[in-house]
Amino acid sequence: MPPLREVIARHGLAASKALGQNFILDAQLLDRIAAIPGPLDGARVYEVGPGPGGLTRALLRAGAEVIAVERDRRCLPALAELAEAVGGRLRIIEGDALAIDEPKEIGPAHVVANLPYNVGTALLTRWLEAERWPPWWRSLTLMFQREVAERIVASPGGAAYGRLAVLAQWRTTARLAMKVNRAAFVPPPKVMSAVVHIVPAEQPEGVDPNRLARLTGAAFGQRRKMLRRSLSAVDGALEALDRLGIDPERRAETLSVGEFVALARAL
Ligand code: SAM
């Protein structure tokens, strides 16, 4: 394949701000990102937002079979060329990732994506709240702005710990796999980025995600208040604290993920 820069120039793929586009062109960096899920030889990968196809190429170099969904039609001819060059190992879906029914259209796959912040968090939340567990995805390797990545993997006690950490860590193992400097992107975004790697836990405690979301929403919505106060409007929460022996004078950010799950189950 011709160099990525040449493909971008030939197809006029200047990054669009409206679509949240920041491309990575450094093949070595892309190979390191593609290595995060582990060996991909013969594995199926679902890539969201391939853009001009830099990360897609790295995934293909790693031996993966890639299904990629891209909503920017300008990128499709470049991606079609790539698909032709790899003979059936790349399938492109044109459209919005938020409208894909993954269990049906994608099937078991590792997910890899470098997405705009709002789309990335919307998809992550949906993937974490999957009804069926283990879910259709084998792992998630996702680029976020660093501050969001830190919120996903945060431990209790700090300012980064909140709803997202509890939702993510309740039924997965999440780690910050790589920090990525803003200079690695074209054009460089305002903030630093990081890649998070998430693997589903085999047998997480069963709890209704909506109930857990309600609980963490109330608790962290007033994170400086004692639980006695912040959970007063959640039905049965104060009794549940008492039954579980959780001191109602504690604040939300001191509760472990396990304690939140136990509390949601006890409601
Ligand atoms: N993967 C490429 C890379 O790393 O250089 C491009 C990354 S760029 C930050 C994000 C890409 O996601 C863009 O190509 C954009 O068009 C695409 N995108 C944004 N929202 C999308 C959505 N809802 N569904 C599918 N693709 C989307």
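What counts, and where the lines are drawn
- Residues numbered from 1 in each chain as written.
- Predicted model: local features only at pLDDT ≥ 70, side-chain atom pairs only at ≥ 80, totals over all residues.
- UniProt positions renumbered as here; feature names shortened; annotations may be inferred.
- Helix = DSSP H or I, 4+ residues; strand = E, 2+ residues; numbered from the N terminus.
- Buried ≥ 20, exposed ≤ 12 C-beta atoms within 10 Å, placed from the backbone.
- Contact = placed C-beta atoms within 7 Å.
- Pairing = 2+ DSSP bridges.
- Right-handed = clockwise from strand over helix to strand, strands pointing away.
- Near = placed C-beta within 6 Å.
- Nonpolar A, V, L, I, M, F, W, Y, C, P; charged D, E, K, R; others polar.
- Domains from an automatic or database assignment.
- Axes fitted to C-alpha atoms, helices over the stretch in contact; angles between N-to-C directions.
- Left-handed = near helix turned anticlockwise from the far one by under 90°.
- Core = buried A, V, L, I, M, F, W, Y, C linked by C-beta atoms within 7 Å.
- Expected span 1.5 Å × (residues − 1).

## What about the UniProt feature "binding site: S-adenosyl-L-methionine" (unreviewed entry) in the chain?
UniProt's entry tags Asn22, Ile24, Gly49, Glu70, Asp96 and Asn114 with the feature "binding site: S-adenosyl-L-methionine" (unreviewed entry), counted in the numbering of this structure. As for its position among the elements, Asn22 is in the loop between helix 1 (4-10) and strand 1 (23-24). The class for Asn22 is partly exposed, based on 18 C-beta atoms found within 10 Å. The residues contacting Asn22, other than those within four sequence positions of it, are Ala15, Phe185, Val186, Pro187 and Pro189.

## Considerations on the pairing of strand 2 (residues 44-48)
Counting buried positions over the five residues of strand 2 gives four, a clear majority of the element. Pairing of strand 2 with strand 3 (residues 65-70), which is carried by five bridges, proceeds in the parallel orientation. Bridge assignment links Val48 to a residue of strand 3, and that residue is Val69. Viewed along the sheet, the connection from strand 2 through helix 3 (residues 54-61) into strand 3 turns out right-handed. As paired strands, strand 2 and strand 5 (residues 109-114) are joined by four bridges and run parallel to one another. Across the sheet, the residue bridging to Glu47 is Val112, located in strand 5.

## A look at the UniProt feature "domain: Ribosomal RNA adenine methylase transferase N-terminal" (unreviewed entry) in the chain
Here the UniProt-annotated "domain: Ribosomal RNA adenine methylase transferase N-terminal" (unreviewed entry) positions come out as residues 29-202. Structurally, residues 29-202 is divided into 33% helix and 29% strand, and its ends, taken at the C-alpha atoms, are 31 Å apart.

## What to know about the site of the ligand
Surrounding the ligand, one finds 24 residues, the nearest of these being Gly49, Gly51, Asp72, Ala97 and Asn114. Looking at the shell around the ligand, the elements with two or more residues in it are strand 1, helix 3 and strand 3. Of the residues that constitute the shell around the ligand, the class distribution is 13 nonpolar, seven polar and four charged.

## So, helix 7 (residues 146-153)
Within helix 7, the full set of buried residues consists of Val148, Ala149, Arg151, Ile152 and Val153. On its buried side, helix 7 packs onto helix 6 (117-128), strand 6 (137-145), helix 8 (163-170), strand 7 (172-180) and strand 9 (193-200).

## Observations concerning the domain arrangement of the chain
When its domains are assigned, the chain resolves into domain 1 (4-200) and domain 2 (209-266). Placing a centre on the C-alpha atoms of domain 1 and another on those of domain 2 gives a separation of 33 Å. Residue-level contacts link 10 residues of domain 1 with 13 residues of domain 2. Taken together, the residues of the side of domain 1 that touches domain 2 break down into five nonpolar, three polar and two charged.

## Things to note about the environment of Ala35
Take Ala35: it is sitting in helix 2 (residues 27-35). A residue is classified by how many C-beta atoms lie within 10 Å of it, and Ala35, with 15 of them, is partly exposed. Between the C-alpha atoms of Ala35 and Leu19, which are 16 residues apart in sequence, the distance is 26 Å.

## Description of the sheet that holds strand 9
Spatial strand order, 4-3-2-5-6-9-7: seven strands in an open sheet with mixed pairing. Across the chains shown, the open sheet's two edge strands, defined by having one partner strand only, are strand 4 (90-94) and strand 7. Here the average twist between neighbouring strands, direction ignored, is 20 degrees.

## Focus: the packing of helix 9 (residues 209-221) against helix 12 (residues 257-266)
The contact between helix 9 and helix 12 brings their axes to 9 Å, and the two run at 115 degrees. Once helix 9 is placed against helix 12, the crossing between them reads as right-handed. For the pair formed by helix 9 and helix 12, the contact residues are Arg211, Leu212, Leu215 and Thr216 on the first element and Phe260, Val261, Leu263 and Ala264 on the second. For the contact of helix 9 with helix 12, the residue count by class is six nonpolar, one polar and one charged.

## Some thoughts on the nonpolar core
Ranked by size, the top nonpolar core spans 75 residues in total, and within it Leu59, Ile152, Val196 and Phe260 carry the most contacts. No other element matches helix 8, which puts six residues into this core. Residue-level mapping places this core at the junction of two domains, with at least three residues from each of domain 1 (4-200) and domain 2 (209-266).

## Focus on helix 6
In this model, helix 6 (12 residues) spans 16 Å end to end at C-alpha, consistent with the 16 Å of a helix rising 1.5 Å per residue. Structurally, helix 6 contributes buried residues whose contacts are with strand 2, strand 5, strand 6, helix 8 and strand 7.

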